[in-house]
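Listed here are the chains, written in short residue letters.
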Amino acid sequence: MKATPHVYVSDRVSRRDFLKLSSLVAGMGGVMVLSGCGPAAQEPTADDTDATDEPAADADGAATLGDGVTLRVGMEAAYAPYNWQATEESDTTIPIENVEGAFADGYDVQIAKRIAEELGMEPVAVKMDFGALVDSLNNGTIDIICAGMSVTPERAESADFTDSYIDDEVIIVVKKDSDYADATKLSDFSGASVLGQKDTFYDDLIEEIPDVNHMTPVATVPLVVDAIENGTCDAITFSSMSLPNLLENYPDLMKVELEEGEGFSDPSNPDNAAIAKGQDEMLDRLNEIIAGITEEERLEMWQDCMDRQPA
């Protein structure tokens, strides 16, 4: 019989989400991507890797992930600088298992490489839609998610999340000549058409804007940026840490500076890895590995990814 699953939350996860998660447990939680580069991803399968009720262990009885040899890392490979698809192998990439001749790079990839190294495994990326990641984790198609994903109460019902390995923030971006360029509070966007990425905080937080025209979210960040550039929407929600690269490539865009207390109730957007439930020993091990990456190393890895992400 399975033990009651635990929900692990980063020290930096917002107080709002921590309280929600605590309640949940008590009751039982760059953007400029060349999306067309390389062949399309084949549908991943789990023929011989169906998830079981018993956590895997190596020959010494220590907890491990998957087969203990190959670490299958789920990601979009279309969310720079967190993760993107590359055509050439380098010391910062890992192969994409279901896209022939393609490789994955990005901040999530560097964290996955560090985790795999500490576990004595070889990492490979498995490319898929963001919305399919948790289901793929639970059916055994992948062993871990490293995909710019944040823990939420809903996700924590289906997977266990590590402490965060970087902490981002959701902001609003508009065109410099927009009627909303001088906005100072969320209510200034009343009646505006605002777009975010599907299945993410970037979409969820739009509901906090009074009388907003909450547009149907799109699958990838490049599509979000295309929409603001093409005039399909008035504003987009975006990553604060990815903003410098966005403005460098799209100088007609700008961040809206909202007054203190007039923005989103909680714009924090941590990046957490996730594994299937029932692997508490492994979750502890992953948190140890993440804790061993200093803040200086994290920022250096992030900046390196910002510098080399696709233009």
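Note that this is a predicted model, so its numbers are computed, not measured. (Residues numbered from 1 in each chain as written. Predicted model: local features only at pLDDT ≥ 70, side-chain atom pairs only at ≥ 80, totals over all residues. Heavy atoms only, no water.)

**What to know about the packing of aromatic side chains**
Evaluated as defined, the whole model comprises 5 aromatic pairs. With centroids separated by 4.8 Å and ring planes inclined at 20 degrees, the aromatic side chains of Y79 and Y82 adopt a geometry described as stacked. Relative accessible area serves as the criterion here: at 2%, Y82 is assigned to the buried category. Pairing Y180 with F189 gives two aromatic rings, centres 5.3 Å apart and planes at 10 degrees, and the pair type is stacked. (Phe/Tyr/Trp six-rings, centres within 6.5 Å; stacked < 30°, edge-to-face > 60°. Buried < 20%, exposed > 50% of the residue type's maximum accessible area, 1.4 Å probe, protein only.)

**Digging into the sheet that holds strand 5 (residues 103-105)**
Taken in spatial order, the 4 strands make up an open sheet running 2-3-5-4, and their pairing is antiparallel. Here the strands that pair on one side only, and so sit at the sheet edges, are strand 2 (78-79) and strand 4 (94-95). In the sheet, strand 4 pairs with strand 5 via 2 bridges, with the strands oriented antiparallel. Looking at the pairing, I94 lines up with A104 of strand 5. (Pairing = 2+ DSSP bridges. Helix = DSSP H or I, 4+ residues; strand = E, 2+ residues; numbered from the N terminus.)

**Comments concerning the side chain of D168**
Structurally, the position occupied by D168 is in strand 8 (residues 160-175). Notably, D168 is buried but unbridged: the nearest opposite-charge side chain belongs to K255, and the N-O separation is 9.4 Å. Among the polar contacts listed, one links the side chain of D168 to the side chain of S239, at a separation of 2.4 Å. In this structure the side chain of D168 is engaged in a polar contact, spanning 3.3 Å, whose partner is the backbone nitrogen of S240. (Lys, Arg positive; Asp, Glu negative; His and termini not counted. Salt bridge = Lys/Arg side-chain N within 4 Å of Asp/Glu carboxyl O. Polar contact = N/O pair within 3.5 Å; in protein donor to acceptor, adjacent residues only side chain to side chain.)

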